[in-house]
Each structure stands twice: as C-alpha cells, then as structure tokens.
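# A look at the structure
Each chain, letter by letter, is given below.
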Amino acid sequence: MHPGCFYQSLVESSLALSPQKSPKVCALSHFRAAGAPLCRRGAGLCPLSSLSATRRGLPKEKMSENGVVPRAKVLTIDTMNPTVKNVEYAVRGPIVARAVELERELSEGMKKPFAEVIKANIGDAHAMGQQPITFFRQVLALCSYPELLNDSTFPEDAKSRAYRILQSCGGNSMGSYSASQGIDSVRQDVAHYIERRDGGVPCDPDNIYLTTGASDGIMTMLKLLVCGEGATRTGVMISIPQYPLYSAALAELGAVQINYYLNEEKCWSLDISELQRALDEARHYCSPRALCIINPGNPTGQVQSRQCIEDVIRFAAKERLFLMADEVYQDNVYAEGCQFHSFKKVLFEMGPEYSNTVELASFHSTSKCYMGECGFRGGYMEVMNMDDEVKAQLTKLLSVRLCPPVPGQALMDLVVNPPQPGEPSYDNFIKERTATLSALAEKAKLTEQVLNTVQGISCNPVQGAMYSFPHITIPEKAIKEEQGQQPDMFYCMKMLEETGICLVPGSGFGQKEGTYHFRMTILPPIDKLQILLIKVKEFHQKFTQQYS
C-alpha cells in the first residue's frame, strides 16, 4: 500500500475520534506537529512520515506557507561535480563582472569619476577596435550567402575561394556538419601552410585536427593525458605566470598542476634548471607526463629563443614528457632581434633522434595575430609521433562533439591560404595585415616606455603577443589593510572604480610569492591606449601616496 493510502485511511477513521473537528484538519495537525512532510495524490493530501524520509536518507523538508513542500534540488552546490568548483578564470573574473556593472550604471546616467570603462583585460582585438581583414570577411560573406557570388562588387579571387570552400561542404552549404577532424581541403591547406612556415619540413594532413579555437585542442589533449589517482595522478607542467585556461582545465580534469617559474629578471625567459627543479619536486606526489609552453608568451609577452626551444626539447626527451606548444601568437613578434621558431621546425632540425621520438602537439588559432577573429572560434592542432591507437581514440573523442564550427574552419583556411601575389585582393590584404601588425608593435613599445616612467612600476619589453605584465610595488599599508583579498586584486579593483580601467591582477595568472603584477592588453587604439596609460600612471602615484 502507498504510504499515502495508509494515512488517508487514518484521516477518515478519525471522524469517530474527533467529530468536533474536520477529520483532515485533525489528522493533518497531528502530522504537521510531528514535522511530517506532505505530498499530493490527485485531489487528496497524503502525509508522509518524517521517519520514512530519514530511513531513506533524505533531508527533512520544511513546509512552505501554502502548505506545499518545496521540491529539493537534485543539483546543488554540495552535489555538483567538485572539480568544477575549483575552476577559476581570471580574465573573466569578478573585476570584469564589476566593469560590466559600471558600464550599465553609466548608461543609466549614474555619475562616475570617468566617462567610459576601458576593458584592457582580454585579448579581444575587434572589441578593442582592430578592424577585420577585408578579404576574410568577403569570402565568409560569400560562403554564408552564396547568392552574392553573382555580385560584381566582390573580387574574383574571393569568389573562387568561396566556391572552393563551399564545394568542400556537404550540400555546398556551411550549415552542414563536416568530418569530425575537419574539412579535408582545409586540413590540406593547413599542412601546406606549416610546410611553408617551417622551410619545407613535411606535414601530413592526417596529423591535422581542426578545432574550436586553440582552447578546444588544448583541452582535448589534456583529456587524453590525464589518468591515475593519488601519487600516480597525471601532473602537467605549466609556466607561471600562465594563461588561466591551463589551470582551469587541470582543475576541471582533476590533474595536478606543476608550476615552473619564468625568470622576470631576464625578460621572462625559461630556465631549464627551473624546469628540473619543478619536475623533481613533483615526482614525490604525482606522475608528470606533459610540459606546456606558450610562445610567444601570454601574459608575459616574451619570445623564446631558438636555443631555449632546443633545450626544452632535449629536456622533454630526457624526462619522457609529452610537449604541448601553444603558438597562437606566432605572427605577433615585435622586438628587434626576436623571431618566432616553431617547436616542430626546431624538432626536425635537431635530427631523427628527436623528430622521430618526441611526442608533440602544437596549436594555432584565428583569434589572435593580425586576424583577431575571436568569435569565429577557428583553430587547429598538429600532433607528432602520437601512438596510432591513441590517435584513433582522439578521433573518437572529437566525434562526440560532431565537428568544429564550419565558419571557423573556413576562416582558418583563409588564414593559412591568404591572397597570393598577382591576385586582385593581394595588395589590399598585405596593406591591412602590415598596418595591423605595425600598430601593435608601436603600442607594445609605447606601453613599455610609459609604464617604466612610473616609480613603483617596472615593465619588461613586450617582445610579442598582445599583453604587458608589469611588476607593481604595493605599499605595506595597503597589503595589511586589505587582508580579505589579494593585494593586486584590491589594487586593480580600486583602479577600476576610480578610473574605469579594467585590468587583471597578476594573482589570476600566478606569480612568485611576494610579487605583484597586472596584465593589460595593448589592443586599444593608440589614442585610447595613451589615455589608459596616463590614467594608470596617475592612479599608481595616487594609490602609493594614499597608502604610504
């Protein structure tokens, strides 16, 4: 018998026991007094004993005002995946949330000490005013709306490129799924691009996987690498300061984060002895399996030398580590004497001892460089020396999400196969590309120069990428007074409230204990960047005076 039927019979039999009261009121008052929850079956009320709930391991539920027991949530903060609660992503953290609030308050007419919020927290180039490359957008427009192929205003090379991409799509439409590994013709173009970039080093299209931005590829590779429990749990070496994608992904996957520190005194260079220190210590509590390198660096903006890359490859080979090379800023190199060297190229130049054995995954994206097309989520990864059975598992894992966005794949194709000399769009493409990269180089130099004029701020040269990561001196009084949060978080939040400048505290990326930094992009237009830098200078001087 359903428990409700038993209690319903009790209600009905209570007529003889208490004729002065409504039988339901009499029975219900008894069970309410006992704290018993109620359920409804049809039109009748069915009290369920709290004892039976306890025996079933359920929490006692409180009665709502209308006599209905609220349904307990299946998913609560206590029952959710515990690893997700450990995930943090500083570049979209509390400071950015407050910046959005300030923008809304300004739009509603609230008075602030500033007229606008300037977001220098994230490498979102187009949001900061960088203009799209015309050829890319023309081809994507043609692919999205093929009727435009009859429009004489579009150049013929854009039309032919759009036609080729559409021919590679199911039903000649970008709205169709592609193969899980990506469109074949795009992967072939990526392979040819890599061969040209690396001076003829061969590239097999079967080793190319198109991805939803570089982040998707990085996350997928980490999923393959992570296994074990306790002391056998996978450890992954990441640079400090680091891009928070890595710490967030490792937290979500339940892997062990192994920190190795870049040398700020030597322009954020990578020291092999520091890699060895971090690895030796980590082997006491986990199983190190992978080494991640970001080159050019985010958030630190350094460009690693060829010698450094060679040393890293030898280290990975000696210690049997899987190498992950994040190379999404490979076109963003500004400093004199600096040059981008791909890990794959250096690996092959070191000979078969390394090129036939070291396992490597490298990543690129449409989101950075001169393209800045973050929203299209285009990217690729190339794998080398991967076990064939693991490659089959990788393909299976990618098939679960069907395919990367097809417009992003099309854009990736245009990045690796842009207009060629003699084609109608070539001159304008080169002009726009050069202008964008030249402007970034100018802004990198300006940022370094202005910040280094401020007492209490020191900024290494921004050799590449899109960010500066200056060291800031925070007075001891400010550190002691604001113990509820990280000192650089307090600093950046106060700057936001007083100036409208949105930066990210260095603690969100990791830093040596006792040091403080912030990350800022160099992406705002030059006139707005000048205003930003002046405001940062004035704020730091005021902040230092206030807490000295």
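Parameters and conventions
Residues numbered from 1 in each chain as written. Predicted model: local features only at pLDDT ≥ 70, side-chain atom pairs only at ≥ 80, totals over all residues. Heavy atoms only, no water. Salt bridge = Lys/Arg side-chain N within 4 Å of Asp/Glu carboxyl O. Helix = DSSP H or I, 4+ residues; strand = E, 2+ residues; numbered from the N terminus. Buried < 20%, exposed > 50% of the residue type's maximum accessible area, 1.4 Å probe, protein only. Pairing = 2+ DSSP bridges. Axes fitted to C-alpha atoms, helices over the stretch in contact; angles between N-to-C directions. Contact = heavy atoms within 4.5 Å. Expected span 1.5 Å × (residues − 1). Parallel < 35°, antiparallel > 145°, perpendicular 65-115°, else oblique. Left-handed = near helix turned anticlockwise from the far one by under 90°. Nonpolar A, V, L, I, M, F, W, Y, C, P; charged D, E, K, R; others polar. Disulfide = S-S within 2.5 Å. pLDDT = per-residue confidence, 0-100. Right-handed = clockwise from strand over helix to strand, strands pointing away.

### Comments concerning the pattern of salt bridges
In the structure shown here, the tally under the stated rule is 29 salt bridges. Among the salt bridges present, the one from R98 reaches E101, with a minimum N-O distance of 2.9 Å. Placement of the pair is R98 and E101 together in helix 5 (residues 94-107), with a separation of 3 residues, close to one helical turn. Taking the relative accessible area as the measure of exposure, E101 reaches 37% and is therefore partly exposed. Two residues, K112 and E105, come together in a salt bridge whose shortest N-O distance is 2.6 Å. Note on K112: relative accessible area 24%, which makes it partly exposed. Taking relative accessible area as the criterion, E105 reaches 10% and is therefore assigned buried. Because the salt bridges share partners, they merge into one network encompassing R306, E310, D311, R314, K345 and E349.

### Details of the sheet that holds strand 4 (residues 208-211)
The strand order across the open sheet formed by 7 strands is 4-10-9-8-7-5-6, and the pairing between neighbours is mixed. The open sheet has two free edges, formed respectively by strand 4 and strand 6 (256-261), since each of these has just one partner strand. Looking at each pair of strands side by side, their axes are set apart by 25 degrees on average, direction ignored. Of the pairings in the sheet, the one linking strand 7 (residues 287-294) to strand 8 (residues 322-326) comprises 5 bridges and is parallel in character. Paired with A290 across the strands is F322, a residue of strand 8. Against the sheet, helix 10 (residues 244-253) engages strand 5 (234-240), strand 6, strand 7 and strand 8, with an angle of about 160 degrees to strand 5. Of the strands in this sheet, strand 5, strand 6 and strand 7 touch helix 11 (residues 272-282), which is tilted by about 150 degrees from strand 6.

### Focus on helix 7 (residues 156-167)
The end-to-end C-alpha separation of helix 7 is 16 Å, in line with the 16 Å expected for 12 residues at 1.5 Å each. Buried residues along helix 7 sit against helix 6 (134-144) and helix 16 (406-416).

### What about unusual backbone geometry?
The residue after I240, namely P241, is reached through a cis peptide bond having omega 0 degrees. Tracing the chain through its elements places P241 in the loop between strand 5 and helix 10. Phi angles above zero are rare outside glycine, and L402 is one such case at about 70 degrees. Examined against the element boundaries, L402 turns out to sit in the loop between helix 15 (388-400) and helix 16. Located in the positive-phi region is A465, a residue other than glycine, with phi close to 65 degrees. Residue placement: A465 occurs in the loop between strand 11 (457-458) and strand 12 (467-468).

### What to know about the packing of helix 11 against helix 12 (residues 306-319)
Between helix 11 and helix 12, the least distance of the axes is 10 Å, while the angle of their chain directions is 25 degrees. As judged from the angle between their axes, helix 11 and helix 12 are roughly parallel. Judged by the twist between their axes, the crossing of helix 11 over helix 12 is right-handed. Residues I272, L275, Q276 and L279 of helix 11 touch helix 12, and the partners they reach there are D311, V312, F315, K318 and E319. Looking at side-chain class alone, the contact of helix 11 with helix 12 contains 5 nonpolar, 1 polar and 3 charged residues.

### Structural notes on the state of the cysteines
A full pass over the atoms with the stated rule returns 0 disulfides. C169 carries a free sulfur, and the closest cysteine sulfur to it, the one in C143, is 6.9 Å from it.

### Overview of the confidence of the model for the protein chain
In this model, the protein chain carries an average pLDDT of 84, and 85% of its residues clear a pLDDT of 70 or more. When the criterion is pLDDT under 50, residues 1-56 qualifies, and its contacts beyond four places in sequence or with other chains add up to 58 contacts.

### Side note on the pairing of strand 8
Put simply, side chains in a regular strand alternate between the two faces of the sheet. With 5 of its 5 residues buried, strand 8 lies for the most part within the structure. Note that the unit made of strand 7, helix 12 and strand 8 has a crossover that is right-handed.

### Thoughts on the pairing of strand 9 (residues 360-365)
Across the 6 residues that make up strand 9, a large majority, 6, are buried. Burial along strand 9 is two-sided: the residues L360, S362 and H364 and A361, F363 and S365 are all buried. Looking at chain direction, strand 8 and strand 9 are connected through 4 bridges and run parallel. The residue bridging M324 from the neighbouring strand is A361, located in strand 9. Direction of pairing for strand 9 relative to strand 10 (residues 379-384): antiparallel, over a ladder of 6 bridges. By the bridge assignment, L360 is partnered in strand 10 with M384.

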